[in-house]
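Tertiary structure, described
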Amino acid sequence: MSPSGHPLFTFTESDFLELRGLYEQFAPVGSPEPRLLSANDELAAELGLDPRALHGADGLAVLSGNQVPAGATPVAQAYAGHQFGGLSPRLGDGRALLLGEVIDVHGRRRDIHMKGSGRTPFARGGDGRAAVGPMLREHLIGEAMHTLGIPTTRALAVVATCKHVVRDSVLPGAILTRVASSHLRVGTFQYAAMHDRELLRALADHAIERHHPNAAEAPNRYLALVESVLAAQASLVARWMLVGFVHGVMNTDNMTISGETIDYGPCAFMEAFDPATVFSSIDHGGRYAYGNQPPIAQWNLTRLAEAMLPLLADDTDGAVAAATAVLETFPDRFHEHWTAGMRDKLGLVDVRPDDEALFAELLGLMQSQRVDHTAGFRSLSGVLIGAPERARSLFADRDTFDDWARRWIDRVSAQGPDAHAAAAATAMDRVNPIYLARNHLVEAALSAATDGDMAPFDELLGVVLRPFDERPGLEAYTLPAPADFGTYRTFCGT
Ligand code: AMP
Ligand code: MG
């Protein structure tokens, strides 16, 4: 119990701690003069936390790493990972700690995790720290994704540590406290597989119980686990694609078993539609480009299946055949989620044979005419209610757009009477965001925060927390970056 009686977390027993070999106990190093930069009151309520604790001295003591809260057993988790295709057998939390697990108000188990809390036994050459900008980016983009309905880890708070972090320049340091349904990754399985088959089995059982309980009923529970993770990832990546999200660093250590988005490093939302879009400054080959995300997800899942092989069948050939059959379902599963999402984006309520051609033609026009992904989709609802100007203004070649739009309107009209078009337009505005964390605004907000001014961050967060409701005065948030913003690049060494 903390001095004034407002403990921040009530931790519950953690089954993860049974998995000895997958973590090292370690305490956060602490911060000299911590300051709360951002707090997520909505998430705090979901976790059943006392808001006085979150905003008070007791909370700050915990969130800054100055006090290990009662009931916590902080550990740095071990994992391996394929980074840009090459295997690193020992990564692990170099600058992060799992503080413990809590049960939220809905009865769900959630990890409480700190990032930037100091060097751990997994730090290798790293300094164990994180800078204010990248930690606030995790807060902002995570909440943007969450409000778009996309499964994600979420920030509970970002605290300035008043330590200096040396990157290309000297930056103010911060600690992010992050909440996830768990931090189990594909890389956790790769690490366990390299060390001990029984540890691998225990990890798989733990993951089934925690995230994929239906797999426990299957004749081959471990194969069912792989299939269930694959299903979750196919859905997740489809959702990314539908909002133009580029994760940027889809290494196997950055892919969760739960199906939540994790690690917002060199990520961004695409503006002009182009499948080759890359934001990460170190992704020279375009491995993690927007359009490559589905095959890369399948590649990562193949690494998961490989790690799981010893559990899948008694003989290797049988295990490989079983795993391959599951892995080959990825493209169809992804496609099913993506086409369902595209139907929603275009106001279609039933399935017709020509739909896919309609989608492909629209995307082709958007690509060749460099139409902004978010503004382009959002503008389409107007076309259904007699206000096509906004959409038409986004396409340089209006004739090709008008031709496509005519066929699309016919398609929508064929669904029912006239009143249906208005309903379709309203439904479209509930899935096509008008506001998004646009790259130039994110950069401006993070750069101001780094200089001590949180106002642009708070404002941008407030806007993206209601992505579908058009409000007057916010036009600047709907526009792509000005031409002089140049090619947007985000950095991995955060
Ligand atoms: P990330 O790119 O954030 O997913 O990190 C990849 C790996 O590098 C993980 O094992 C991190 O813990 C580790 N890492 C990244 N930055 C640091 C740092 N500043 N100090 C220690 N380890 C780090
Ligand atoms: Mg990572």
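Our subject is the structure listed above.
Below or above, wherever it landed, is the structure these notes cover. (Residues numbered from 1 in each chain as written. Chains lettered and ligands numbered in written order. Predicted model: local features only at pLDDT ≥ 70, side-chain atom pairs only at ≥ 80, totals over all residues. Heavy atoms only, no water.)

1. Quick notes on helix 4 (residues 132-147)
- Taking 1.5 Å per residue as the helical rise, helix 4 with its 16 residues ought to reach 22 Å, and the 23 Å between its terminal C-alpha atoms agrees with that figure.
- Summarising burial for helix 4: 14 of the 16 residues are buried, a large majority.
- In the stretch just after helix 4, G149 is the one whose phi turns positive, near 85°. (Helix = DSSP H or I, 4+ residues; strand = E, 2+ residues; numbered from the N terminus. Expected span 1.5 Å × (residues − 1). Buried < 20%, exposed > 50% of the residue type's maximum accessible area, 1.4 Å probe, protein only.)

2. Some points on the site of ligand 1
- Every one of the 16 residues lining ligand 1 counts as a neighbour, but G92, G94, R124, D127 and G128 are closest to it.
- Between ligand 1 and the protein, one listed contact pairs an oxygen atom with a backbone N or O atom of G92 at 2.6 Å.
- Take G128: an N or O atom from its main chain is 2.9 Å from a nitrogen atom of ligand 1.
- Protein chains shield 84% of the accessible area of ligand 1, which is 480 Å² for the free molecule.
- Along the lines of polarity and charge, the residues of the shell around ligand 1 split into 3 nonpolar, 6 polar and 7 charged. (Near = heavy atom within 4 Å. Polar contact = N/O pair within 3.5 Å; in protein donor to acceptor, adjacent residues only side chain to side chain. Areas by Shrake-Rupley, 256 points an atom, 1.4 Å probe, with all protein chains shown as cover. Nonpolar A, V, L, I, M, F, W, Y, C, P; charged D, E, K, R; others polar.)

3. Structural notes on the environment of S235
- As for its position among the elements, S235 is in helix 7 (residues 221-242).
- Note: C-alpha distance between S235 and F334 (99 residues apart in sequence) is 6.3 Å.

4. Considerations on the coordination of the magnesium ion (ligand 2)
- Within the protein, the magnesium ion (ligand 2) binds to N254 (OD1) and D263 (OD); these donor distances fall in the range 1.8 to 2.2 Å. You'll find N254 and D263 in the same group, each marked buried. (Donors = N, O, S within 2.8 Å, 3.2 Å for Na, K, Ca; no water.)

5. Remarks on the environment of A319
- Tracing the sequence through the fold places A319 in helix 9 (residues 316-327).
- Distance in space between the C-alpha atoms of A319 and M308 is 8.9 Å, their sequence separation being 11 residues.
- In contact with A319, not counting residues within four places along its chain, are L309, L312 and A313. (Contact = heavy atoms within 4.5 Å.)

6. Remarks on the nonpolar core
- If you look at the biggest cluster of nonpolar residues, it comprises 126 residues, and the most contacted ones within it are F189, M308, W404 and W408.
- Here this core takes 14 residues from helix 7, the largest share from any one element. (Core = buried A, V, L, I, M, F, W, Y, C linked by side-chain atoms within 4.5 Å.)

7. What to know about the packing of helix 4 against helix 17 (residues 455-464)
- Two numbers describe how helix 4 lies on helix 17: the axes approach to 9 Å, and their chain directions differ by 15°. With respect to each other, helix 4 and helix 17 are oriented roughly parallel. The two elements helix 4 and helix 17 meet at a crossing, and its hand is right-handed. Residues L136, H139, L140, E143, A144 and T147 of helix 4 lie in contact with helix 17, whose contacting residues are F457, L460, L461 and V464.
- Classifying every residue of the contact of helix 4 with helix 17 gives 7 nonpolar, 2 polar and 1 charged. (Axes fitted to C-alpha atoms, helices over the stretch in contact; angles between N-to-C directions. Parallel < 35°, antiparallel > 145°, perpendicular 65-115°, else oblique. Left-handed = near helix turned anticlockwise from the far one by under 90°.)

8. Here we look at the packing of aromatic side chains
- Counted by the stated rule, this structure contains 12 aromatic pairs.
- Relative to F334, the ring of F330 has its centre 6.4 Å away and its plane inclined at 15°; by these criteria the two rings are stacked. Of the two residues, F330 and F334 are both situated in helix 10 (residues 330-345); the distance of 4 residues between them amounts to about one turn of the helix. The two residues F330 and F334 agree in class, both being buried.
- Relative to F359, the ring of W338 lies with its centre 6.1 Å away and its plane at 85°, an arrangement referred to as edge-to-face. Highlighted residues: W338 in helix 10 and F359 in helix 11 (residues 355-368), separated in sequence by 21 residues.
- Ring pairs connect the aromatic residues W240, F245, Y264 and F269, which therefore count as one cluster. (Phe/Tyr/Trp six-rings, centres within 6.5 Å; stacked < 30°, edge-to-face > 60°.)

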